[in-house]
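So you can see what is in the structure, the chains are spelled out below.
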Amino acid sequence: MAQAGGFELQTLDTSIMYADGNAASISIADINASVNGTANGEKVDTVKDQKVTNIGFKMDAGLVDVGLYTYRSGAIQLSGGNTLGGNYAPQGDVDINSTTLMLKYDVNENVSLLGGITQNNLTSGNVTTIKGSYEIDSASSTGYVVGAAYAIPEIALRAEVLYQPKSKITTKTNYDATGGVYNAAAVLVNGEKETELSRPETLTLNVQSGIAENTLMFASYHRSKWSGAPVVVDIEPQMGGAVDPKIDETFDDSEKFTIGIGRKFSDKLSGSLSYSKEDGSGANAESLFTFSNGTETISAGLRYTIDNMDISVGVSRSTLGDVTVDGGLGDIVYKGNSVTAMGVKIAFAF
């Protein structure tokens, strides 16, 4: 699981492309967020729990391997109070589900080239802030991924780089001022509005290598350029109105580092332990969609092999950095929060 900058939730996992022969997998994870914000004396559980299902498939097609992977690339799942004079953090229920069709071509034993097409599907949903209710229509966009890998099989070394450009999604939003606490300020601009949001440009580096018998070290770096991927709901404010209902949200660029170790205990059982860190943008913020100042995550997993089937279980706990958000109606303080994710994955080789 990746809980990175902006509204990114999961990243593309290409590991199935390196399985021998044909392979398929399904994984289910529960994300339990314990994220509370306090404003004007009112404490509210601000981030919703989520359940995510991923499906992967890979087929050996001779000169190339063909793979398919689904993941939830973005999510705005908020349950703020949205109350005047109390906790005014927003509410939200919007997801982006991505499906990537990938090809891998082995130039030789050491070098592989990867490429693919990604379909990004924005679900219909609602975001409600103190400025009003924004009912977002479903839409989709198409992007691509390119990459390369270098391997030395004798020592289980593999270094992979993946690049995905920004993928813009254009849709419509029905704005209703009566859904906000300033319901009289912008009622004359109610109606359908042009909306744009984007998955950011990303660069991912994955490295693994054997360091001793039955022992593997791995590391990754993931960068997202949110500065070029704003969320915009284009609304002209009511002349003389006290509130501008337009949304023009730009997140800070993010970088996430992970390092870990894997150990094979027997022919059937192996395990892993990793640490991830993502710096935040500071202890103070103005965006109402901010609820942390970076994260530190510890993850652990076990995998058990039965014939041609692997059963994996894992758990991760993220500690969220404290942040104070000043959205104009008093500070919202997020302190001592965390997110726990637990998952199971079943993979088959055939």
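As shown above, the structure is provided for reference.
Residues numbered from 1 in each chain as written. Predicted model: local features only at pLDDT ≥ 70, side-chain atom pairs only at ≥ 80, totals over all residues. Heavy atoms only, no water.

1. Regarding the overall build of the chain
Argument step 1. Assigned secondary structure in the chain consists of zero helices and 25 strands.
Argument step 2. In terms of overall dimensions, the chain is globule-like: its C-alpha atoms have a radius of gyration of 22 Å, near the 20 Å expected for 350 residues.
Argument step 3. Along the three orthogonal principal directions, the C-alpha set of the chain runs to about 70 × 40 × 30 Å.
Argument step 4. Relative to its full complement of 350 residues, the chain shows a buried share of 44%.
Argument step 5. In the chain, the proportion of contacts linking residues at least 24 apart, taken out of those at least 6 apart, comes to 65%.
Argument step 6. Here the chain has roughly 16,500 Å² of accessible surface; of this, 55% comes from carbon and sulfur atoms.
Argument step 7. Across the chain, the centroid of the 25 positively charged side chains sits 4 Å from that of the 41 negatively charged ones. (Helix = DSSP H or I, 4+ residues; strand = E, 2+ residues; numbered from the N terminus. Rg over C-alpha atoms; globule rule 2.2 N^0.38 Å. Buried < 20%, exposed > 50% of the residue type's maximum accessible area, 1.4 Å probe, protein only. Contact = heavy atoms within 4.5 Å. Areas by Shrake-Rupley, 256 points an atom, 1.4 Å probe, with all protein chains shown as cover. Lys, Arg positive; Asp, Glu negative; His and termini not counted. Charge placed at Lys NZ, Arg CZ, Asp CG, Glu CD.)

2. Here's the deal with the sheet that holds strand β20 (residues 284-285)
Argument step 1. The five strands are arranged β3-β2-β24-β23-β20 in an open sheet whose pairing can be described as mixed. Edge positions in the sheet fall to β3 (42-45) and β20, since each has one partner strand and no second.
Argument step 2. Strand direction decides the pairing type here: β20 and strand β23 (residues 323-326), joined by two bridges, are parallel. Residue pairing in the sheet places N284 in a bridge with T324 of β23. (Pairing = 2+ DSSP bridges.)

3. Details of the pattern of salt bridges
Argument step 1. Summed over the entire model, instances satisfying the criterion amount to 10 salt bridges.
Argument step 2. Among the ionic pairs, E201 bridges to R223, the shortest N-O distance being 3.8 Å. Taken together, the positions of E201 in strand β14 (residues 201-212) and R223 in strand β15 (residues 215-225) put the pair 22 residues apart, joining distant regions of the chain.
Argument step 3. Taking the shortest distance from any N to any O, the salt bridge between K264 and D267 comes out at 4.0 Å.
Argument step 4. Its relative accessible area of 37% is what places K264 among the partly exposed residues.
Argument step 5. Residue classification places D267 among the exposed positions, given a relative accessible area of 69%.
Argument step 6. Residues participating in the shared-partner salt-bridge network are K58, D65, K104 and D106. (Salt bridge = Lys/Arg side-chain N within 4 Å of Asp/Glu carboxyl O.)

4. Digging into the environment of V313
Argument step 1. Mapped onto the secondary structure, V313 falls in strand β22 (residues 309-320).
Argument step 2. When the C-alpha atoms of V313 and A29 are compared, they prove to be 9.6 Å apart, with 284 residues separating the residues in sequence.
Argument step 3. In this view, V313 contacts A300, G301, L302, G343 and V344; residues no more than four positions away in its chain are not counted.

5. Overview of the pairing of strand β4 (residues 50-60)
Argument step 1. Of the pairings in the sheet, the one linking strand β1 (residues 23-34) to β4 comprises nine bridges and is antiparallel in character. Each bridged residue has a counterpart across the sheet, and for A24 the counterpart in β4 is F57.
Argument step 2. Across five bridges, the pairing between β4 and strand β5 (residues 64-79) is antiparallel. Among the inter-strand pairings, G56 is bridged to a residue of β5, identified as Y69.
Argument step 3. Hairpin connection from β4 to β5: three residues lie between these consecutive antiparallel strands, with G62 at a positive phi of about 90°.

6. A look at the pairing of β22
On a regular strand, each side chain points to the face opposite its neighbour's, so the side chains alternate between the two faces of the sheet.
Argument step 1. As defined by bridge partners, strand β21 (residues 294-306) adjoins β22 across 12 bridges and the pair is classed as antiparallel. By the bridge assignment, A300 is partnered in β22 with V315.
Argument step 2. Hairpin remark: β21 followed by β22, antiparallel, with two residues in the connecting loop; positive phi at D307, about 55°.

7. Quick look at the packing of aromatic side chains
To describe a pair of aromatic rings, you give the distance between the ring centres and the angle between the ring planes.
Argument step 1. The final tally for this structure, using the stated rule, is seven aromatic pairs.
Argument step 2. Both rings, one in Y134 and one in Y175, keep their centres 5.1 Å apart while their planes meet at 50°; by these two values the pair is tilted. With Y134 in strand β9 (residues 132-136) and Y175 in strand β12 (residues 167-176), the pair connects residues that are 41 residues apart, well separated along the chain.
Argument step 3. Taking the relative accessible area as the measure of exposure, Y134 reaches 1% and is therefore buried.
Argument step 4. A relative accessible area of 1% means that Y175 is categorised as buried.
Argument step 5. Taken together, F7, W226 and F251 form an aromatic cluster joined through their ring pairs.
Argument step 6. Sitting above the plane of the Y18 ring, R158 keeps its charged end 3.9 Å from the centroid. (Phe/Tyr/Trp six-rings, centres within 6.5 Å; stacked < 30°, edge-to-face > 60°. Lys NZ or Arg CZ within 6 Å of the ring centre and 35° of its normal.)

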